[in-house]
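Reading the structure
Residues per chain, in single letters:
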Amino acid sequence: MIAIVIPIAMTLFAVAALLNLYRLAIGPDIVDRILALDTLMINSIALIVLADLRMGLGVLFELALLIALMGFVGTVAMSKYLLRGDVIE
């Protein structure tokens, strides 16, 4: 059962990532692009976790955790730059 569900979920997350890339490329303003980049990070994390479950390795979870951390820090830094004009006070 899980051998059927994981490839379907990976396909759906890949389609969602492509739609995020589309929004990232033609977003009307910078806020939409930041949100698209953040959502793209979430989709890439989901793809990595699903690939790890499919392969049965258990070693790619650390990579997913690092991408999540970097995505969060990047989103906060870009938002802070938009609000204040600088990242570090």
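Each chain carries its own residue numbering, running from 1 in the written order of its sequence. Selection of residues for local features in this predicted model requires a pLDDT of at least 70, selection of side-chain atom pairs for listing and counting requires 80 or more, and totals for whole chains, interfaces and linings are taken over all residues. Remark: hydrogens and water are excluded; side-chain values derive from all non-hydrogen atoms of the structure.

As for the environment of Ala 14
The condition that has to hold: The numbering of helices and of strands both runs from the N terminus, where a helix is a DSSP run of H or I of at least 4 residues and a strand a run of E of at least 2. When a residue's accessible area, from a 1.4 Å probe over protein chains only, is under 20% of the maximum for its type it is buried; when over 50% it is exposed; and in between it is partly exposed.
Locating Ala 14 in the fold gives a position in helix H1 (residues 2-26). The exposure class of Ala 14 is partly exposed, given its relative accessible area of 31%. In the structure, Ala 14 is positioned 26 residues away from Leu 40 in sequence and 9.8 Å away in space, judged by C-alpha atoms.

Description of H1
Worth spelling out the cut-off: Under the convention used throughout, the expected extent of a helix is 1.5 Å for every residue step, that is, one less than its residue count. The contact criterion used throughout is that any non-hydrogen atoms of two residues lie within 4.5 Å.
Here H1 spans 36 Å end to end across 25 residues, near enough to the 36 Å set by a 1.5 Å rise per residue. Turning to H1, its buried residues number three or more, namely Ile 6, Ala 9, Met 10, Ala 17 and Asn 20. Considering only its buried residues, H1 is in contact with helix H2 (30-55).

Examining the UniProt feature "transmembrane region" (unreviewed entry) in the protein
So the rule is basically this: UniProt positions are given in the numbering used here, feature names are shortened, and annotations may be inferred rather than shown by experiment.
UniProt records the feature "transmembrane region" (unreviewed entry) for residues 6-22, 34-51 and 63-83 in the present numbering. Helix makes up 100% of residues 6-22 and strand 0%, whereas the separation of the span's terminal C-alpha atoms amounts to 24 Å. Helix and strand shares over residues 34-51 are 100% and 0% respectively, and the end C-alpha atoms of the span are 26 Å apart.

Things to note about a nonpolar patch on the surface
To keep it simple, the criterion reads: What makes a patch is a set of residues exposed beyond 30% relative accessible area and free of salt bridges, joined within 9 Å when like-charged and within 5 Å when nonpolar (Val, Leu, Ile, Met, Phe, Trp, Tyr). We get accessible surface area from the Shrake-Rupley algorithm with a probe of 1.4 Å; when it comes to residues, only the shown protein chains can shield them. Salt bridges, as used here, are contacts in which a Lys or Arg side-chain nitrogen is within 4 Å of a carboxyl oxygen on Asp or Glu.
Among the surface-exposed residues, Ile 30, Val 31, Leu 35, Tyr 81, Leu 82, Val 87 and Ile 88 lie close enough to one another that they form a single nonpolar patch of about 680 Å² accessible area. Put simply, the parts of the chain that give the nonpolar patch at least two residues each are H2 and helix H3 (61-84). Among the elements that take part in the nonpolar patch, H2 stands out by supplying 3 residues, more than any other. With respect to the element layout, Val 87 can be found in the segment after H3.

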